[in-house]
Amino acid sequence: MPPAPTPTRLSELASELGRQVRGDGSFRVAGLAPLESAGPHDLSFVRSADHASAAAASGAGAFVAPDGVDCGARPVIVSPQPALDFARVAERLFPRPVPPRGAHPQALVAPDAKLDSTASIGAGAVVGAGVRVGARTVVHANATLYPDVEVGADCEIHAGVVLREGTRVGDRVRLHPGVVIGGDGFGYVSDEHGELYKVPQVGRVVIEDDVEIGANTTVDRATLAETRIRRGAKIDNLVQVAHNCDIGEGAVVVGQTGLSGGTVIGRRAALMAQVGSAGHLRVGDGAFVGARAGLHKDVADGARVWGSPQMEERAWHRSVAALARLPDALRRLRAVERALGLRREKPTPGSDGAESDGES
Amino acid sequence: MPPAPTPTRLSELASELGRQVRGDGSFRVAGLAPLESAGPHDLSFVRSADHASAAAASGAGAFVAPDGVDCGARPVIVSPQPALDFARVAERLFPRPVPPRGAHPQALVAPDAKLDSTASIGAGAVVGAGVRVGARTVVHANATLYPDVEVGADCEIHAGVVLREGTRVGDRVRLHPGVVIGGDGFGYVSDEHGELYKVPQVGRVVIEDDVEIGANTTVDRATLAETRIRRGAKIDNLVQVAHNCDIGEGAVVVGQTGLSGGTVIGRRAALMAQVGSAGHLRVGDGAFVGARAGLHKDVADGARVWGSPQMEERAWHRSVAALARLPDALRRLRAVERALGLRREKPTPGSDGAESDGES
Amino acid sequence: MPPAPTPTRLSELASELGRQVRGDGSFRVAGLAPLESAGPHDLSFVRSADHASAAAASGAGAFVAPDGVDCGARPVIVSPQPALDFARVAERLFPRPVPPRGAHPQALVAPDAKLDSTASIGAGAVVGAGVRVGARTVVHANATLYPDVEVGADCEIHAGVVLREGTRVGDRVRLHPGVVIGGDGFGYVSDEHGELYKVPQVGRVVIEDDVEIGANTTVDRATLAETRIRRGAKIDNLVQVAHNCDIGEGAVVVGQTGLSGGTVIGRRAALMAQVGSAGHLRVGDGAFVGARAGLHKDVADGARVWGSPQMEERAWHRSVAALARLPDALRRLRAVERALGLRREKPTPGSDGAESDGES
């Protein structure tokens, strides 16, 4: 795991987490690894007692584990939330590289841009007129901030990101490489000659605090008002968020999902990968949308839906199971029809009967 | 709605549109908004008489509306095409920012590139050898034009766009951030050892006049000849157009759709979001392909298809409805078989019978 | 086909391929084209005897064709592998443009980066601290290599590519414009307040020799260890490869496919376009996954699957055919029920009966 962290005593990590060590606190953590690949110098973690046998079989030198899980003779940071504490250890051992403060000599910054003195602007990054960048925010190489963009504090704007004019970004926002914020929405009306006439997209995008957006995802500006990504929402790679969408607080949108114009995603809703949503519908608070679902109508608060077109989770499971039995059911239906004299022909010898159905 | 436009008299806007005002033409339009969120200083629009009650309930100060729609005491620009005229007003009130003419001192322009004196090249943009850029075209920051690219007049090439060598772009073309034109097509043949051998992609991409292409969309160069996007076609974000495709005049391709190699899209055809098309097929003139459809064969001129694999629209509606009834139909089929003595077992009490079917 | 190659004698091309010419070897090849559009100065190719009539009808001046295929009076390079030899001719006639060696004066290279003297770094490209770039590798304009990236020999890194810190790239790798390698994986745990807490993504991406990755594709870094793209794998445009995936040697992944975290793709497996895979599953060596399939469980070595959820190929064909017959089957089921007295109502005259089923 590159780069190797500075080996750190288990007791020191536990103390920072506010947890206790069971066993030898002087163990030095030289790496982090999952149970199945961890070696004797690695720290690993055990999600729950269900994974006790995997822990016993693991080659890890130490663990973060819930109270009562037997990890053999090896030392354990005892934690009610092992995954969370393990993530905190990772953050502690592998701190993000912090580039030097200030604008790189080869950054291209407009004279009237207002950069906090602790912000960092990378080589080849372009910062337009009237832009504001907050404290400790890092704008990486070759990112482009159009005029009148505002970015808060402690953000990370990666290479190749494009923020179109007027975009607003809160604090602690992470935009991964190639993200495009504020591109024109896709809207046309027919003119007198039946040609497509572009509807000007004059709104903007507002990204609230603690949002993270994955590589090459696109979020279009609103036609008139705002496209808004609310506090703490997490969006994966290659997602399309069309004009006038509103993504709720703490919502999760997984890779390659596409939201048509005006879609509203509720608080802490979760959309799995490759979902598609028709425009102007609402996914309720806490709703769950299974991978590859196609939404054509609202999803109620807390509902769980799958499939395309969407179905309630249980109905979808039944539908998938029924579909698998359908070829057999068609054969049985033909047998019934023959038994009733509703069908004359016999199955061709050697055929499974399915192909003959087209003639019925 | 940022930035606030200069308030403008309703009569002045109407006069520019060639329309009449009903009511107080001295009303000053300070913003634009949809009916449901418009305030007393905003202009809104009413698509048709069907929206009359929404207009009556709206807080807008003025409207663009068809003749005969009652908008209360508020002034109206009377228009046979309210959405079109509203778009024109938006364009009038929110003109695109026009960057200064000429190459930014930090643009990277090859000595033999031919830039019209009215073109604008942004900071960090790279313009390769032999490139031509037409009148009033704007190449934004950090865009990259490989050698021998030609771009016409009045185009907007946004930040992060990449035009590979030899690409041809017509007039009034808009390429949104992160668009890649002319990347290699995806083609391999097996060599003597069964390894994949790259088929050189030596064709190019031609983009005709009035085309618009959304953020992070990719259009691959042809293997030998041309990939062509014809006049007035509109392509949304994150669309994949493979080598040798031919997109027809005025066609519309919505977000995250993918077209395999050699797909031909007819004049004014429309492909909704997340469609996929197998290679070497043709979607006819004026055809409509519903969201998430999967095309494996041609679509006739004017046809409407949905589903994956595609079905004619009415057949698809019937198929979706039938699928929803399938679990119930399987239960009824079992009842029929029992009535005929074709089936021995009884449904387990408390079961809905569906799960027992696996044993039949 | 731009740019026009230097006309070259057929005999010279044949000799370089180690093949024989049948007919006039002095024919000069001035262009390359498929059978249907080739003209009298073009070389075309005939895949097999099945295409003999297309060859006869073609306007091509010469062919690469298997022994025994009649191409009229025109000269032929006789080849047991016409497509492969035609690709080799294309490579010979249209050599890739080779930019000048060394760093462009407007490239932005860290002082301690180690560039081979034959490497080429384009204008606006950013090469971070500690980066290594191998012999004859071309890094195009506006690409960004974060610190501690290593790229081997004979690679082509196109404009706008972003390689995050620590990425390893082998030899002869092609990364098309807008590719993002090493973006953070998408992983969160719930903290004490139920908020999403980011799991640090501290692993990296390793890309082995002879890999090619298409425009705007994203490959995320591993949470702890490595995301690995093995030797000779080919990935198309707009594909999402999540953290900890492992793509096998010579595997093919077609456009807009998405692989969730920890997916393992076997040697020479092929995933067609728009496939989605749930996390932590394995697609076997030599397996084939049809376009738009949705994988929720492993695919065996050599298996062929389609559909969403996936089915074995033959079962899927049967399922698709059965689904098309379903509306008719429901009507027949009602007829059976009426014949047995299990159903009272009659079909409404003028109705096709399908809609009445909802009441049953």
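It should be emphasised that the depicted structure is a prediction, and the values quoted were computed from it without experimental measurement.

1. Re the pattern of salt bridges
Phase 1 of the analysis: Scanning the entire structure with this criterion turns up 90 salt bridges over all chains.
Phase 2 of the analysis: The salt bridge involving R164(A) is made with E165(A); its shortest N-O contact spans 2.9 Å.
Phase 3 of the analysis: Notably, a salt bridge pairs E208(A) with R228(A), separated by 2.7 Å at the nearest N-O pair. Remark: R228(A) occurs in strand β27 (residues 226-229) and E208(A) occurs in the loop between β24 (204-207) and β25 (212-213); sequence separation between them is 20 residues.
Phase 4 of the analysis: You can call E208(A) buried: its relative accessible area is 16%.
Phase 5 of the analysis: One salt-bridge network, held together by shared partners, links R96(A), E156(A), E212(A), R164(C), E165(C), D184(C) and K198(C).

2. Notes on the sheet that holds strand β2 (residues 20-22) of chain B
Residue and element names in this part refer to chain B.
Phase 1 of the analysis: With mixed pairing, the 5 strands of this open sheet are ordered in space as β2-β7-β6-β5-β4. Of all strands in the sheet, those bounded by a partner on one side alone are β2 and β4 (31-32).
Phase 2 of the analysis: As defined by bridge partners, β2 adjoins strand β7 (residues 76-78) across 3 bridges and the pair is classed as antiparallel. Residue pairing across strands places V21 opposite I77, the latter belonging to β7.
Phase 3 of the analysis: The strands touched by helix α1 (residues 10-17) are β2, β5 (42-45), β6 (62-65) and β7; relative to β7, the strand with the most contacts, the crossing angle is about 10°.
Phase 4 of the analysis: Against the sheet, helix α3 (residues 82-93) touches β4, β5 and β6, its axis set at about 150° to β5.

3. Description of the pairing of strand β21 (residues 180-183) of chain B
All names here are of chain B.
Phase 1 of the analysis: Bridge count for strand β18 (residues 162-163) against β21 is 2 bridges, and the pairing is parallel. Among the inter-strand pairings, V162 is bridged to a residue of β21, identified as V180.
Phase 2 of the analysis: Pairing geometry for β21 and strand β26 (residues 218-220), over 3 bridges, is parallel. Each residue of the ladder has a partner; that of V180, found in β26, is T218.

4. With respect to the environment of P111(C)
Residues and elements named next belong to chain C.
Phase 1 of the analysis: Within the fold, P111 resides in the loop between β9 (108-109) and β10 (114-115).
Phase 2 of the analysis: Given the relative accessible area of 87%, P111 is considered exposed.
Phase 3 of the analysis: In sequence terms P111 and G203 are 92 residues apart; their C-alpha atoms lie 26 Å from each other.

5. Description of the interface of chain C and chain A
Buried accessible area, meaning the area lost when the parts come together, often serves as the stated size of an interface.
Phase 1 of the analysis: In this complex, chain C contributes 63 residues to the contact, which on the side of chain A involves 64 residues.
Phase 2 of the analysis: Summing the contributions of chain C and of chain A, the shared interface buries around 4,900 Å²; its carbon and sulfur component is 61%.
Phase 3 of the analysis: Of all residues in chain C, F186(C), L224(C) and R332(C) give up the largest surface area on contact with chain A, accounting jointly for 14% of the area buried on that side.
Phase 4 of the analysis: Across the contact surface, chain C and chain A share 6 salt bridges.
Phase 5 of the analysis: Taken together, chain C and chain A are joined by 26 residue pairs in polar contact (both at pLDDT 80 or more).
Phase 6 of the analysis: Looking at the side of chain C that touches chain A, the elements with two or more residues in it are β22 (188-190), β23 (196-198), β26 (218-220) and α4 (313-339) of chain C.
Phase 7 of the analysis: It is α4(C) that contributes the most residues to the side of chain C that touches chain A, 13 residues altogether.
Phase 8 of the analysis: Tallied by class, the residues present in the side of chain C that touches chain A amount to 29 nonpolar, 19 polar and 15 charged.

6. Side note on the packing of helix α4 (residues 313-339) of chain B against α4(C)
Phase 1 of the analysis: One can describe the packing of α4(B) onto α4(C) by two numbers: an axis separation of 9 Å at closest approach and a directional angle of 40°. Considering their axes alone, α4(B) and α4(C) lie oblique with respect to each other. Here α4(B) and α4(C) pass one another in a crossing that is left-handed. Here α4(B) contributes R318(B), S319(B), A322(B), L323(B), R325(B), L326(B), A329(B), R332(B), L333(B) and V336(B) to the contact with α4(C), which in turn contributes L323(C), L326(C), P327(C), L330(C), L333(C), R334(C), V336(C) and E337(C).
Phase 2 of the analysis: Along the lines of polarity and charge, the residues of the contact of α4(B) with α4(C) split into 12 nonpolar, 1 polar and 5 charged.

7. Section: the side chain of D184(B)
Phase 1 of the analysis: With respect to the secondary-structure elements, D184(B) resides in the loop between β21 and β22 (188-190).
Phase 2 of the analysis: There is a polar contact of 3.2 Å between the side chain of D184(B) and the side chain of R164(B).
Phase 3 of the analysis: Only 2.4 Å separates the side chain of D184(B) from the side chain of R96(C), close enough to count as a polar contact.
Phase 4 of the analysis: Ignoring anything within four residues of it in the chain, the contact list for D184(B) reads R164(B), K198(B), Q201(B), D220(B), R221(B), R96(C), H176(C) and E212(C).

8. Overview of the domain arrangement of chain A
Phase 1 of the analysis: Domain boundaries in chain A define domain 1 (8-93) and domain 2 (102-312).
Phase 2 of the analysis: Each of domain 1 of chain A and domain 2 of chain A has a C-alpha centre, and these two points are 37 Å apart.

9. Here we look at unusual backbone geometry
Phase 1 of the analysis: A cis amide bond, omega 0°, links S308(A) with the succeeding residue P309(A).
Phase 2 of the analysis: Positioned with a positive phi, D148(A) is a non-glycine residue whose angle comes to about 65°.
Phase 3 of the analysis: By secondary structure assignment, the location of D148(A) is in the loop between β15 (144-145) and β16 (150-151).
Phase 4 of the analysis: A positive phi angle, near 55°, is found at R172(C), a position not held by glycine.
Phase 5 of the analysis: Relative to the helices and strands, R172(C) resides in the loop between β19 (168-169) and β20 (174-175).
Phase 6 of the analysis: The partly exposed category is assigned to R172(C), whose relative accessible area is 39%.

10. Brief notes about the relation of the copies chain B and chain C
Phase 1 of the analysis: Note on the copies: chain B fits chain C at an RMSD of 0.0 Å, the axial shift is 0.0 Å, and the rotation between them is 120°. In short, the pair behaves as if placed about a three-fold rotation axis.
Phase 2 of the analysis: Each copy contacts the other with its own distinct surface, as only 19% of the interface residues of chain B are interface residues in chain C too.

11. Notes on the pairing of strand β5 (residues 42-45) of chain C
Residue and element names in this part refer to chain C.
Phase 1 of the analysis: Along β5, one buried face is formed by D42 and S44 and the opposite face, lined by L43 and F45, is buried too.
Phase 2 of the analysis: Sheet analysis places strand β4 (residues 31-32) next to β5, joined by 2 bridges and oriented parallel. By the bridge assignment, L32 is partnered in β5 with L43.
Phase 3 of the analysis: The pairing of β5 with strand β6 (residues 62-65) spans 3 bridges and is classified as parallel. For S44, the partnering residue across the bridge sits in β6 and is F63.
Phase 4 of the analysis: A crossover connection joins β5 to the parallel β6 through helix α2 (residues 52-57); in handedness this β-α-β unit is right-handed.

12. A word on the sheet that holds strand β20 (residues 174-175) of chain B
Residues and elements named next belong to chain B.
Phase 1 of the analysis: The sheet built from 12 strands is open, its strands ordered β8-β11-β14-β17-β20-β25-β28-β31-β34-β37-β39-β40 with mixed pairing. Each edge of the open sheet carries a strand with a single partner, namely β8 (102-103) and β40 (311-312).
Phase 2 of the analysis: Pairing between strand β31 (residues 252-253) and strand β34 (residues 270-271): 2 bridges, direction parallel. Looking across to β34, one finds that V253 is bridged to L271.

13. Here we look at the side chain of T137(A)
Residues and elements named next belong to chain A.
Phase 1 of the analysis: By the element assignment, T137 lies in the loop between β13 (132-133) and β14 (138-139).
Phase 2 of the analysis: The exposure class of T137 is buried, given its relative accessible area of 0%.
Phase 3 of the analysis: A polar atom in the side chain of T137 sits 3.1 Å from the backbone nitrogen of D154.

14. Focus: the packing of aromatic side chains
Phase 1 of the analysis: Tallying each qualifying case throughout the model produces 12 aromatic pairs over all chains.
Phase 2 of the analysis: Look at F45(B) and F86(B): their rings are 4.6 Å apart centre to centre, the planes differ by 25°, and that puts the pair in the stacked class. With F45(B) in strand β5 and F86(B) in helix α3, the pair connects residues that are 41 residues apart, well separated along the chain. Note on accessibility: F45(B) and F86(B) belong to one class, buried.
Phase 3 of the analysis: Residue placement shows R88(B) over the ring face of Y197(A); its charged tip is 5.3 Å from the ring centre.
Phase 4 of the analysis: One cation-aromatic arrangement involves R304(C) over F288(C); the distance from NZ or CZ to the ring centre is 4.2 Å.

15. Digging into the relation of the copies chain C and chain A
Both copies of the chain are related through a single rotation about an axis accompanied by a shift along the same axis.
Phase 1 of the analysis: Turning chain C through 120° and shifting it by 0.0 Å along the axis lays it on chain A, with an RMSD of 0.0 Å.
Phase 2 of the analysis: Take the interface residues of chain C: only 19% of them recur as interface residues in chain A, which is what a contact between different surfaces looks like.

Parameters and conventions
Residues numbered from 1 in each chain as written. Chains lettered and ligands numbered in written order. Predicted model: local features only at pLDDT ≥ 70, side-chain atom pairs only at ≥ 80, totals over all residues. Heavy atoms only, no water. Salt bridge = Lys/Arg side-chain N within 4 Å of Asp/Glu carboxyl O. Helix = DSSP H or I, 4+ residues; strand = E, 2+ residues; numbered from the N terminus. Buried < 20%, exposed > 50% of the residue type's maximum accessible area, 1.4 Å probe, protein only. Pairing = 2+ DSSP bridges. Contact = heavy atoms within 4.5 Å. Axes fitted to C-alpha atoms, helices over the stretch in contact; angles between N-to-C directions. Buried area = accessible area lost by both parts, 1.4 Å probe. Polar contact = N/O pair within 3.5 Å; in protein donor to acceptor, adjacent residues only side chain to side chain. Nonpolar A, V, L, I, M, F, W, Y, C, P; charged D, E, K, R; others polar. Parallel < 35°, antiparallel > 145°, perpendicular 65-115°, else oblique. Left-handed = near helix turned anticlockwise from the far one by under 90°. Domains from an automatic or database assignment. Least-squares fit on C-alpha atoms with pLDDT ≥ 70 in both. Right-handed = clockwise from strand over helix to strand, strands pointing away. Phe/Tyr/Trp six-rings, centres within 6.5 Å; stacked < 30°, edge-to-face > 60°. Lys NZ or Arg CZ within 6 Å of the ring centre and 35° of its normal.

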